[in-house]
2 protein chains.
Amino acid sequence: MSTKQKRFFLTEDQIPTQWYNIQADMVNKPMPPLNPQTKQPLKPEDLYPIFAKELCHQELDQKNAWIDIPEEVRDMYKYYRSTPLVRAYGLEKALGTPAHIYFKNESVSPVGSHKLNSALPQAYYCKEEGVTNITTETGAGQWGCALSYAAKVFGLEAAVYQVKISYNQKPYRRSIMQTYGAQVTPSPSMSTKAGKKILTEDPNNQGSLGTAISEAIELAVSTPNCKYTLGSVLSHVTLHQTIIGLEAEKQMEMAGEYPDIVIGCFGGGSNFGGISFPFMRHNILEGKKTRFIAAEPASCPKLTQGVFQYDFGDVAGYTPLLPMYTLGHNFMPANIHAGGLRYHGAGVIVSQLLKDGLMEATDIKQTESFKAGTLFAKAEGIIPAPESCHAIAAAINEANKCKETGEEKVILFNLSGHGLIDMSAYDQYLSGSLLDFEITEEDVKRNIAELEKVIK
Amino acid sequence: MSTKQKRFFLTEDQIPTQWYNIQADMVNKPMPPLNPQTKQPLKPEDLYPIFAKELCHQELDQKNAWIDIPEEVRDMYKYYRSTPLVRAYGLEKALGTPAHIYFKNESVSPVGSHKLNSALPQAYYCKEEGVTNITTETGAGQWGCALSYAAKVFGLEAAVYQVKISYNQKPYRRSIMQTYGAQVTPSPSMSTKAGKKILTEDPNNQGSLGTAISEAIELAVSTPNCKYTLGSVLSHVTLHQTIIGLEAEKQMEMAGEYPDIVIGCFGGGSNFGGISFPFMRHNILEGKKTRFIAAEPASCPKLTQGVFQYDFGDVAGYTPLLPMYTLGHNFMPANIHAGGLRYHGAGVIVSQLLKDGLMEATDIKQTESFKAGTLFAKAEGIIPAPESCHAIAAAINEANKCKETGEEKVILFNLSGHGLIDMSAYDQYLSGSLLDFEITEEDVKRNIAELEKVIK
C-alpha cells in the first residue's frame, strides 16, 4: 500500500478559463456539414433555428484554438471542478501491472457524470439569448439529468425525450430529471410527427438516441423561444468537454507524469475528445507520441466497422448531413446497458482524426465491460457507469500488455460517470445473465446500403 | 451569483491524523454499559467476543481525547478525503436568507456516504487482529456498502444482514454490496435463532436495525475468526466519524467563519457526533456558544419523545445494556425511506449530552424532509439521501428564522450521503403519495412499559 499522493486537485484559480478547440490546430480540417436539400456547406446562420447562436459559431469555428469560458459558467464549474485526478493504486495492484494508471473522476459532479460540463454552457448561452425553453434527448439519462439541472440553474424550462428502453429500464434517472423540475417523455412518443411515424411503422420500437433527437429537434423548432441542445456528437459539445483534459494536463504535471496512452469510452465522442484533445494538441504541435484510444461497444461499432460517409445525425433526417464514421442513421443498436454509447455515428472531428490515423479505436463486448467495471469497483470502491466500463476495459487491456512487456507506461482514462443508477446491469452480470450482442458484417452492409439510397 | 470561493479542500498532509474522543472532555461522563445478567459495568474485555479488541478499548475510553488514526486507514482516507466543505450559495439564494449556509459533502465518498469513515478502521483493526470474517447489519444499505468495500480493501469476507423492507424496496444497495463481493441476507431471516424467533412470532416482520443487529451478532459469536461491526450508535463509531468535524473545523477557518449552528441528521448518532463533537469541544473547553441540533424523523423520535433509560441495542437482547434515550428495543419504526434513521435508541455519548443540555434535538416529518431535499437538489444539484434530508430541513428552518430576524448566522450541516439509490422515494414525494407516520404518546408509553418489565 502506497503512502504517496493519490488525488490531485486544482485550486479554483487554477481551473482553466478557456476551452480548447482542436479544429484550429488540425492539419486536415473536418469536412463541412451539408444542407441536406442543397448539399451546400452549412454556415453558422443555418443552424440558428435549432441552437443558441453562440453555439452555432463554436460548432463551425476552425480558426480559434481557445474559446473563453463565460464567467457565469466558470462560476458554476467551481461547484464541482476541478474533479480529482486519481492514481489507481488499487487497480494497479489488482492487475499486478507495472503500468501507472490514472483516472479523471468525473463521477463526482453533482449529476454523476461529465455531461454537466456542456449542459451548463449550453443552458447559459440559451438564457443569454432570451430563450425560455430548451429540449434535448437522452439515452441512459446522464445527459438528461445534467441538462435538467443546468436548465434549473439558469431559470429555463427543460423538456427531455428519453430513449424508451432506458426510460423503462432505469426509472431512477427519469426521477432525477423530474426532481430537478424537467418534463420527461419516453421516445418514440406520439407527441411529435417523427415519433408518430416511427411508432406507426414499428409499434414496439424501443427508441434510440436517433429517434429521441428527431423528437427533441421537432419540438424545439415548433415551439416559440425554444432551442434544442445536444449531449454529444457535435463539435461544440466536445469543445466544452475539453475542460476535462485541460485540467488533467495540469494535474498530471502535479503528479510528475505525462500519459503514454489516453482512453475514453465512445458514444458520440465528447467524453473521448474531452479527455484526449488537450493532450493530442501536443502530438500535433510538438510531435509527442501519446496514443489515444476510443473504446466503443462491440454492438455499436461505428469506429471499427462503420464507414466514413455523410449521414444524418438522427433517424428522421432533421439534422444537417455530417461527415462521419457511421453505421447508418437507421441502425438500431442492441439494448446494451451503456445507453450513452448507443449511437450510430461519430462526431465530425473524431471521424477526421481517426481517418488521419491520429487516434485508434477498440471495441469492447458488454460482458467484458462489466467484468472490468466489477474489478474496478472492488479495487477502487467506485461503481463505474456502464459507459465508463468500456474505458476501464481498454485501460486494463493496455495495462495487461505492460505486464507482459514489463513497461511502466502511463495510462490515463476518463471515468465519465458512476453506475449507481445502473445496478440492475451489475445484477445481471453477477448472476451470469448479461448478454453480448453480435453485429454481423451483413447488418452493417445493409444499413450502409440503405443510407446510400437516402443520401444520394 | 457570487464569484467567491465555493468549495474548501485540505491537502493530503492537512488531513487530521487523530480522531477526537469527546468522552475525555465531558464533565458528566456517559454512564457505563452494563452486563445484562450481572448488571455490572462492562470492561473492554467483556466486549472482546463481539468486536476487535482495539475497538472495545476505544468504546470505553474516557481518558484520551485524541486517538491516532492508523497509517493504513489514513492511506485509504486519502482516496476520498478531505471531502469538500461547500458554501451553499444556491440554497441561500433560493431561501432568500441572510444566513451563511455551509455543508460538508460526505456524499462524494466512493460508497456515497460518510459510513466509510468508520468501516475502514473497523475492518482494519479486525484484519490486524487476525480476523477473517466480519458481519454487520444495515438499514437502507449505506453502512452495508461501506463495510463491504472496506472488507474487500483489507481482504476480509463480509456477511451483511439487511433490514428486509430496505432489501426489497431498494435492491440497488444490495447489488452494490454484492458487486463488492459481500454476502447479503434480508433480516429477519431463518439463518439465525434470533431471526427464527422473530419470524415465528410475526411471519410478516419487515425488520429493523434492531433485528438485523441481533442476527449479525449471533453469526459473529457462532463463527470462528469472525467479528461483528456496527455502523452507528456505539462510541467508537462516532469517534471515527469525528474526522468529518475535524476537517470541517479547518475548512471553516479557510472560509474565515465559525459556525453558530451545527446540524446533523440522527439515527444512532455517529453522523451527528462526527460533525458536531470537534466543534462542541470548543463549547466545553472555551465557552463557545455554538448550537448543535440533531434532526430525527418524527416517526422515530427517541431524542424528542423517548426516555433516558438502560436498554438493549437490539431486539433479541444480545447487546449490553446501554444508558440511552430510547423508544424501547421492541419499538418497530414505521417504514420511512430514511432507513438509516430507523433505530430505537441513541448512542450513550449523545444521550448524556442531550440530558446535560449541551445539544438540542428536533423532529422532522417525512414529507417535510423530502420537500427540503427537493429544494436542495434544485438549488445545489445534489440529490440528498433521505437521511440527509432531515438535516437539510433543520438547516432550512434555522435559515428561515434568520430571514425573519435578519441575522447572518453561520449554519453548518452534514450532507451525510447522496440519495441516488432512493429515487423511488422522490417519485412518491413528487407524485404526492409519500406518507407521514405519526407516533402517539400511547405507543411510546406502551413500549417503555414493556421495556421496564424486561430490564428489571
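Residues numbered from 1 in each chain as written. Chains lettered and ligands numbered in written order. Predicted model: local features only at pLDDT ≥ 70, side-chain atom pairs only at ≥ 80, totals over all residues. Heavy atoms only, no water.

A separate point is the overall build of chain A. Counting its regular elements, chain A contains 18 helices and 15 strands. With the C-alpha coordinates of chain A rotated into their principal frame, the extents come out at 60 × 50 × 45 Å. Sorting the 456 residues of chain A into buried and exposed places 67% on the buried side. For chain A, restricting intrachain contacts to residue pairs at least 6 apart in sequence, the fraction spanning at least 24 positions comes to 77%. Considering chain A, the positive charge centre built from 43 side chains and the negative charge centre built from 50 side chains are found 1 Å apart. (Helix = DSSP H or I, 4+ residues; strand = E, 2+ residues; numbered from the N terminus. Buried < 20%, exposed > 50% of the residue type's maximum accessible area, 1.4 Å probe, protein only. Contact = heavy atoms within 4.5 Å. Lys, Arg positive; Asp, Glu negative; His and termini not counted. Charge placed at Lys NZ, Arg CZ, Asp CG, Glu CD.)

All names here are of chain A. Arg 81 connects to Ser 82 through a cis peptide bond whose omega is -5 degrees. Within the secondary structure, Ser 82 sits in the loop between helix H3 (71-77) and strand E4 (85-87). Despite not being glycine, Val 233 shows a phi value in the positive range, around 65 degrees. Relative to the assigned elements, Val 233 resides in the loop between strand E9 (226-228) and helix H11 (235-254).

A cluster of acidic residues, Glu 54, Glu 71, Glu 72, Glu 128 and Glu 129 of chain A, forms a negative patch on the protein surface. Its place among the elements puts Glu 129 of chain A in the loop between helix H5 (116-128) and strand E6 (133-138). (Patch = residues over 30% accessible without salt bridge, like charges linked within 9 Å, V, L, I, M, F, W, Y side chains within 5 Å. Areas by Shrake-Rupley, 256 points an atom, 1.4 Å probe, with all protein chains shown as cover. Salt bridge = Lys/Arg side-chain N within 4 Å of Asp/Glu carboxyl O.)

Residue and element names in this part refer to chain A. Under the domain assignment, chain A is made up of domain 1 (42-67 + 114-235) and domain 2 (69-112 + 241-455). The gap between the C-alpha centroids of domain 1 and domain 2 is 21 Å. Contacts between the two partners involve 46 residues from domain 1 and, on the opposite side, 48 residues from domain 2. Buried area between domain 1 and domain 2, summed over both chains or domains, comes out near 3800 Å², and the portion from carbon and sulfur atoms is 62%. When residues of domain 1 are sorted by the area they lose upon contact with domain 2, His 114, Asn 117 and Val 233 head the list and together hold 20% of the total. Scanning the region where domain 1 abuts domain 2 turns up 2 salt bridges. (Domains from an automatic or database assignment. Buried area = accessible area lost by both parts, 1.4 Å probe.)

Attention now moves to the sheet that holds strand E1 (residues 7-8) of chain A. Residue and element names in this part refer to chain A. The strand order E1-E4-E5-E15-E10-E11-E14 describes an open sheet built from 7 strands, whose pairing is mixed. Each having just a single partner strand, E1 and strand E14 (360-364) make up the two edges of the open sheet. Pairing of E1 with E4, which is carried by 2 bridges, proceeds in the antiparallel orientation. Residue pairing across strands places Arg 7 opposite Val 86, the latter belonging to E4. Docked against the sheet, helix H16 (residues 386-405) engages strand E5 (100-105), strand E10 (261-265), strand E11 (291-297), E14 and strand E15 (410-415), running at close to 150 degrees with respect to E10. (Pairing = 2+ DSSP bridges. Axes fitted to C-alpha atoms, helices over the stretch in contact; angles between N-to-C directions.)

To continue, consider the nonpolar core. For soluble globular proteins, nonpolar side chains are generally found buried alongside one another. Phe 413 of chain A together with Phe 413 of chain B are the most contacted members of the largest nonpolar core, which totals 278 residues. For Phe 413 of chain B, the residues in contact, after removing those within four places along its chain, are Ile 101, Tyr 102, Phe 103, Lys 104, Ile 263, Phe 376, Ala 391, Ile 392 and Ala 395 of chain B. (Core = buried A, V, L, I, M, F, W, Y, C linked by side-chain atoms within 4.5 Å.)

A separate point is the interface of chain A and chain B. Opposite the 51 residues of chain A that make contact, chain B presents 52 residues. Taken together, both faces of the contact between chain A and chain B bury some 4300 Å²; the carbon and sulfur share is 59%. Area buried by chain A at its contact with chain B is led by Tyr 79, Tyr 172 and Thr 179 of chain A, which between them contribute 17% of it. In this structure, the connection of chain A to chain B is made through 4 salt bridges. In this structure, Asp 75 of chain B engages Lys 6 of chain A in a salt bridge whose closest nitrogen and oxygen atoms are separated by 3.1 Å. Taken together, the links from chain A to chain B amount to 22 residue pairs in polar contact (both at pLDDT 80 or more). Secondary structure elements with two or more residues in the side of chain A that touches chain B: H3, E4, helix H4 (89-95), helix H6 (142-153), helix H8 (171-179), helix H15 (366-380) and helix H17 (423-430) of chain A. Looking at the side of chain A that touches chain B residue by residue, the classes come out as 22 nonpolar, 13 polar and 16 charged. (Polar contact = N/O pair within 3.5 Å; in protein donor to acceptor, adjacent residues only side chain to side chain. Nonpolar A, V, L, I, M, F, W, Y, C, P; charged D, E, K, R; others polar.)

Further remarks concern the sheet that holds E9 of chain A. Residues and elements named next belong to chain A. Taken in spatial order, the 4 strands make up an open sheet running E8-E7-E6-E9, and their pairing is parallel. If you trace the sheet from one side to the other, it starts and ends with strand E8 (183-187) and E9, each paired once. Direction aside, the axes of adjacent strands within the sheet are offset by 20 degrees on average. Judged from the 5 bridges that link them, strand E7 (residues 157-163) and E8 form a sheet pairing that is parallel. For Tyr 161, the partnering residue across the bridge sits in E8 and is Thr 185. On top of the sheet, H8 reaches E6, E7 and E8; it is set at about 175 degrees to E7, its chief contact.

All names here are of chain B. Close contact between helix H2 (residues 53-60) and helix H11 (residues 235-255) brings their axes to 7 Å; oriented N to C, the two are set at 85 degrees. One way to sum up the angle between H2 and H11 is to call them roughly perpendicular. Here Leu 55, Gln 58 and Glu 59 of H2 come into contact with H11, specifically with Ser 235, His 236, Leu 239 and His 240. Tallied by class, residues from the contact of H2 with H11 come to 2 nonpolar, 4 polar and 1 charged. (Parallel < 35°, antiparallel > 145°, perpendicular 65-115°, else oblique.)

Here we take up the relation of the copies chain A and chain B. The two copies are related by a screw operation: chain A maps onto chain B through 180 degrees of rotation and 0.0 Å of translation along the axis, at an RMSD of 0.0 Å. What the superposition gives is, in effect, a two-fold axis relating one chain to the other. Closest approach to the rotation axis within chain A is made by the C-alpha atom of Val 108 of chain A, at a distance of 3.1 Å. Interface overlap between copies: 100% of the residues of chain A at the interface are likewise at the interface in chain B, consistent with a symmetric, same-surface contact. (Least-squares fit on C-alpha atoms with pLDDT ≥ 70 in both.)

What follows concerns the side chain of Thr 374 of chain A. Residues and elements named next belong to chain A. Here Thr 374 shows up in helix H15. The buried category is assigned to Thr 374, whose relative accessible area is 6%. A polar contact is formed between the side chain of Thr 374 and the backbone oxygen of Phe 370, at a distance of 2.8 Å.

Before going further, it helps to examine the pattern of salt bridges. All names here are of chain A. Tallied over the entire structure, the rule returns 32 salt bridges over all chains. Notably, a salt bridge pairs Arg 291 with Glu 360, separated by 2.7 Å at the nearest N-O pair. Here Glu 360 lies in strand E14 and Arg 291 lies in strand E11, a separation of 69 residues in the sequence. By relative accessible area, Glu 360 is classed as partly exposed at 32%. It is possible to trace a salt-bridge network through shared partners that takes in Arg 81, Lys 104, Glu 106 and Glu 247.

A turn of α-helix holds 3.6 residues, and therefore any two residues three or four places apart point the same way. All names here are of chain A. For H11, spanning 20 residues, the distance from its first C-alpha to its last is 29 Å, which sits close to the expected 28 Å at 1.5 Å a residue. By the criterion of burial, H11 is predominantly enclosed, with 16 of the 20 residues buried. Remark: Gly 256 follows H11 within two positions and exhibits a positive phi of approximately 75 degrees. (Expected span 1.5 Å × (residues − 1).)

Moving on, we get to the environment of Asp 422 of chain A. The residue Asp 422 of chain A is located in the loop between E15 and H17 in this model. Beyond its immediate chain neighbours, meaning those up to four positions away, Asp 422 of chain A contacts Lys 170, Arg 173 and Pro 386 of chain A together with Tyr 172 of chain B. A distance of 3.4 Å separates a polar atom in the side chain of Asp 422 of chain A from a polar atom in the side chain of Arg 173 of chain A.

Tallied over the entire structure, the rule returns 28 aromatic pairs over all chains. Aromatic pair Phe 370 of chain A and Tyr 426 of chain A: ring centres 5.1 Å apart, planes at 85 degrees, arrangement edge-to-face. Placement of the pair is Phe 370 of chain A in helix H15 and Tyr 426 of chain A in helix H17, with a sequence separation of 56 residues. Of the two residues, Phe 370 of chain A and Tyr 426 of chain A, both sit in the buried class. When the centroid spacing of 6.0 Å and the interplanar angle of 70 degrees are considered together, the rings of Phe 376 of chain A and Phe 413 of chain A count as edge-to-face. Residue Phe 376 of chain A is found in helix H15, and its partner Phe 413 of chain A is found in strand E15; the two are separated by 37 residues along the sequence. Pair check on accessibility: Phe 376 of chain A and Phe 413 of chain A agree, each one buried. Lying over the aromatic face of Tyr 20 of chain B, Arg 281 of chain B brings its terminal NZ or CZ to 5.6 Å of the ring centre. (Phe/Tyr/Trp six-rings, centres within 6.5 Å; stacked < 30°, edge-to-face > 60°. Lys NZ or Arg CZ within 6 Å of the ring centre and 35° of its normal.)

Residue and element names in this part refer to chain A. The end-to-end C-alpha separation of H5 is 18 Å, in line with the 18 Å expected for 13 residues at 1.5 Å each. Counted residue by residue, H5 has 11 buried out of 13 residues, so it is predominantly covered. For H5, the complete set of buried residues consists of Leu 116, Asn 117, Ser 118, Ala 119, Leu 120, Pro 121, Gln 122, Ala 123, Tyr 124, Tyr 125 and Cys 126. Gly 130 sits one or two residues past H5 and shows a positive phi near 85 degrees.

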